Amino acid sequence: MSAFKTLDDLPQDLSGQRALVRVDLNLPMKDGQATDLTRVTAVAPTILELADRGAKVLLLAHYGRPKGERHSTMSISMVQGDLERVLDREVMFIPEVAGPVAAQAIDILRPGDIGLMENVRFWPGEEANDADFAKSIAANGDFYVNDAFSAAHRAHASTEALAHLLPAYAGRAMEKELKALDAALGTPQPPVAAVVGGAKVSTKLAVLENLSRKVQHLVIGGGMANTFLAANGVHVGMSLCEHDLTDTARAIMDAADAAGCTIHLPYDVVVAKEFAANPPSMRVCNVHEVAADEMILDIGPLAVEALGDVLKTCATLVWNGPLGAFETPPFDEATVALAKTAAALTQAGALVSVAGGGDTVAALAHAGVAEDVTYISTAGGAFLEWMEGKELPGVAALSA
Ligand code: ADP
Ligand code: MG
């Protein structure tokens, strides 16, 4: 990881300095109400610290996909109330991101005040990473802070171009995320185990390829394990399986072998004839005993035990993707067991554990151990691109 500046590199006293702060306020909404405030609580420390150090804090964020036009239904002003409640401060809404109206509003703010600028995607220059658009935003700032790791995989004006126009710093949430991700895959303590699950190989090909080059143990579970099993000649019956990708799976196994990475596939699986909660046809069997009318919905108890044994020998775990169809009981058992083992080893000081991905975060919460792993990334797409080994433009711009 190349070096990036943090809020510690700014003068303690920021009185009256205009901080342009990119945050992720793209909250899940239902009937005009936010259903989860995780993203707000994540960026609160950065906002409050800058305000308390006297800066005028100017928030830049996107919501939805307005495609470069104003849409009343996508105004970022709808999160103003949530923001005020979480911060316990007043937040002034500014209906522009640049130009004389924005400049005037910012002028009125006092040191320590917080302004929320309009949905930056209302302007086509945002997604185009347009230099002039970025310049017009930069004109109202003295420095730039990016606290939106989850938007860092996109090279947009407020995540990339702007970072080159002003002194640029990582916010506290960004700093924490980059340090955690570096500890998991950048410069991790070996041996490293990667667990990859989820539905399909096709969505995580690049992840599997990158991990097989970097880690000592690659554990494959979930629906994607079926494709690897099929590549090894196992009959997977009615299981979710990408039969057209068996050659690709074979190539990944060969590349892993050459790189000294051990691939772990399940010996046993939980199968059923129908996909429902606690189906009567459910049974546990060896992978070679799956009947033509059965489908694999979770990895089996022996595979879970073997996975625990691997983790006990490892210093670092990076995990993406549930091991089974965890939304439907009892096909959550392997995933819950992995979550609990990872949490226990982490709490015992034996493991650094970093997990991410929408469903993986939900699975950790479901297992009740979300607080007990080293770090959970809620960054979705950015987390996966980082697992693929890609350089994220928003991060690269901070390090330039
Ligand atoms: P994440 O969001 O953490 O990146 P994915 O979206 O890749 O994870 O995968 C999660 C989905 O994979 C879940 O909906 C889960 O039900 C599904 N899944 C896991 N194992 C199986 C399986 N054996 N058969 C069908 N679906 C599965
Ligand atoms: Mg998902």
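Residues numbered from 1 in each chain as written. Chains lettered and ligands numbered in written order. Predicted model: local features only at pLDDT ≥ 70, side-chain atom pairs only at ≥ 80, totals over all residues. Heavy atoms only, no water.

## Overview of the domain arrangement of the protein
Definition in use: Those domain boundaries reflect an automatic or database domain assignment. By buried area we mean how much accessible surface two parts lose on assembly, using a 1.4 Å probe and totalling the loss over both. Any Lys or Arg side-chain nitrogen found within 4 Å of a carboxyl oxygen on Asp or Glu counts as a salt bridge. Within 3.5 Å is the distance limit for a polar contact, defined as a pair of N or O atoms, with the added protein rule that one can donate a hydrogen and the other accept it, and that residues adjacent in sequence qualify only through two side-chain atoms. Each residue is assigned to one class: nonpolar for Ala, Val, Leu, Ile, Met, Phe, Trp, Tyr, Cys and Pro, charged for Asp, Glu, Lys and Arg, and polar for all the others, Gly among them.
As assigned here, the protein comprises domain 1 (7–175) and domain 2 (188–387). Computed over C-alpha atoms only, the centres of domain 1 and domain 2 are separated by 37 Å. Between domain 1 and domain 2, the buried area comes to about 470 Å², and carbon and sulfur atoms account for 66% of it. Among the residues domain 1 hides against domain 2, the three largest losses belong to F149, S150 and H153. Together they make up 76% of the total. Counting across the interface, domain 1 meets domain 2 through zero salt bridges. Linking domain 1 to domain 2 there are zero residue pairs in polar contact (both at pLDDT 80 or more). Its residues placed into classes, the side of domain 1 that touches domain 2 shows two nonpolar, three polar and one charged.

## Thoughts on the pairing of strand β12 (residues 268–272)
Selection rule: Relative accessibility thresholds used throughout: buried, under 20% of the residue-type maximum; exposed, over 50%; partly exposed, between the two (1.4 Å probe, protein chains only). Numbering of helices and strands starts at the N terminus; helices are DSSP runs of H or I of at least 4 residues and strands are runs of E of at least 2. One bridge is not enough; two strands pair if DSSP finds at least two bridges between them.
Burial runs high along β12: five of the five residues are buried. On β12, burial covers both faces: D268, V270 and A272 on one face and V269 and V271 on the other are all buried. Sheet analysis places β12 next to strand β13 (residues 283–286), joined by four bridges and oriented antiparallel. Looking at the pairing, V271 lines up with R283 of β13. In this structure, β12 lies alongside strand β14 (residues 295–299), joined through four bridges in antiparallel fashion. Bridged to V269 within β14 is I299.

## Quick notes on the sheet that holds strand β6 (residues 114–117)
Worth spelling out the cut-off: Angles here are taken between N-to-C directions and fall from 0 to 180 degrees, while the axes themselves are lines fitted to C-alpha atoms, restricted in helices to the stretch in contact. What makes two residues a contact is simply this: any of their non-hydrogen atoms within 4.5 Å.
Across the sheet, which stays open at both edges, the six strands sit in the order β5-β6-β4-β1-β7-β8 with parallel pairing between neighbours. The open sheet is flanked by β5 (91–94) and β8 (168–170), the only strands paired with a single partner. Pairs of neighbouring strands in the sheet enclose a mean axial angle of 25°, with direction left out of account. Two strands pair when backbone bridges link them, and strand β7 (residues 143–146) and β8 are joined in this way by three bridges, in the parallel orientation. By the bridge assignment, N146 is partnered in β8 with A170. Lying over the sheet, helix α3 (residues 99–108) contacts β1 (18–22), β4 (56–60), β5 and β6, oriented at roughly 165° with respect to β5.

## A look at the sheet that holds β12
In a beta sheet, neighbouring strands pair by backbone hydrogen bonds and run either parallel or antiparallel. Spatially, the three strands line up as an open sheet ordered β13-β12-β14, and their pairing is antiparallel. In the strand order of this sheet, the two ends are held by β13 and β14, each with one partner. Neighbour to neighbour, the strand axes of the sheet diverge by 45° on average, direction disregarded.

## Description of the site of ligand 1
This is how the line gets drawn: Nearness is judged by heavy atoms alone; a residue qualifies as near a molecule or strand once a single heavy atom is within 4 Å of it. With residues, only the protein chains shown are counted as cover, and all accessible areas are computed by Shrake-Rupley using a 1.4 Å probe.
Around ligand 1 sit 18 residues in total, of which K204, N320, E327, D359 and T360 are the nearest. Take G223: an N or O atom from its main chain is 3.1 Å from a nitrogen atom of ligand 1. Taking 580 Å² as the accessible area of ligand 1 by itself, protein coverage stands at 81%. Elements that contribute at least two residues to the shell around ligand 1 include exactly α9 (222–231), β14 and α13 (358–367). Counting residues per element, the shell around ligand 1 draws most heavily on α13, which supplies three residues. Across the shell around ligand 1, the residue classes break down as six nonpolar, nine polar and three charged.

## So, the nonpolar core
Rule in force here: The nonpolar core is taken to be a set of buried Ala, Val, Leu, Ile, Met, Phe, Trp, Tyr and Cys residues, with the residues joined through side-chain atoms within 4.5 Å.
If you look at the biggest cluster of nonpolar residues, it comprises 109 residues, and the most contacted ones within it are L25, L50, F149 and W386. Two domains each put at least three residues into this core: domain 1 (7–175) and domain 2 (188–387). Excluding its chain neighbours within four sequence positions, the residues that come into contact with L50 are L7, L10, L14, A19, V21, A55, V57, F143 and V145. Among the nonpolar cores identified, the runner-up in size contains 26 residues, and V219, V336, A342 and L364 belong to it.

## Topic: the side chain of R172
Counting through the fold element by element, R172 comes out in helix α7 (residues 172–186). A polar contact is formed between the side chain of R172 and the side chain of D8, at a distance of 2.8 Å. A polar contact is formed between the side chain of R172 and the side chain of E175, at a distance of 2.9 Å. Discounting residues that sit within four places of it in the chain, R172 has contacts with T6, L7, D8, T46, E49, R53 and D147.

## Let's talk about the environment of R110
Locating R110 in the fold gives a position in the loop between α3 and β6. Among the residues examined, R110 registers a relative accessible area of 56% and is labelled exposed. Here the alpha-carbon distance between R110 and G16, two residues 94 residues apart in the chain, equals 6.9 Å.

## A look at the pattern of salt bridges
If you walk through the whole model with that rule in mind, you get 19 salt bridges. For E175, the salt bridge identified is with K179, shortest N-O distance 3.0 Å. Here E175 and its partner K179 are both found in helix α7, four residues apart, which amounts to about one turn of the helix. What makes E175 buried here is its relative accessible area of 10%. Overall, K179 belongs to the partly exposed group, its relative accessible area being 48%. Among the ionic contacts, a cluster of salt bridges with common partners joins D8, E49, R53, R172, E175 and K179.

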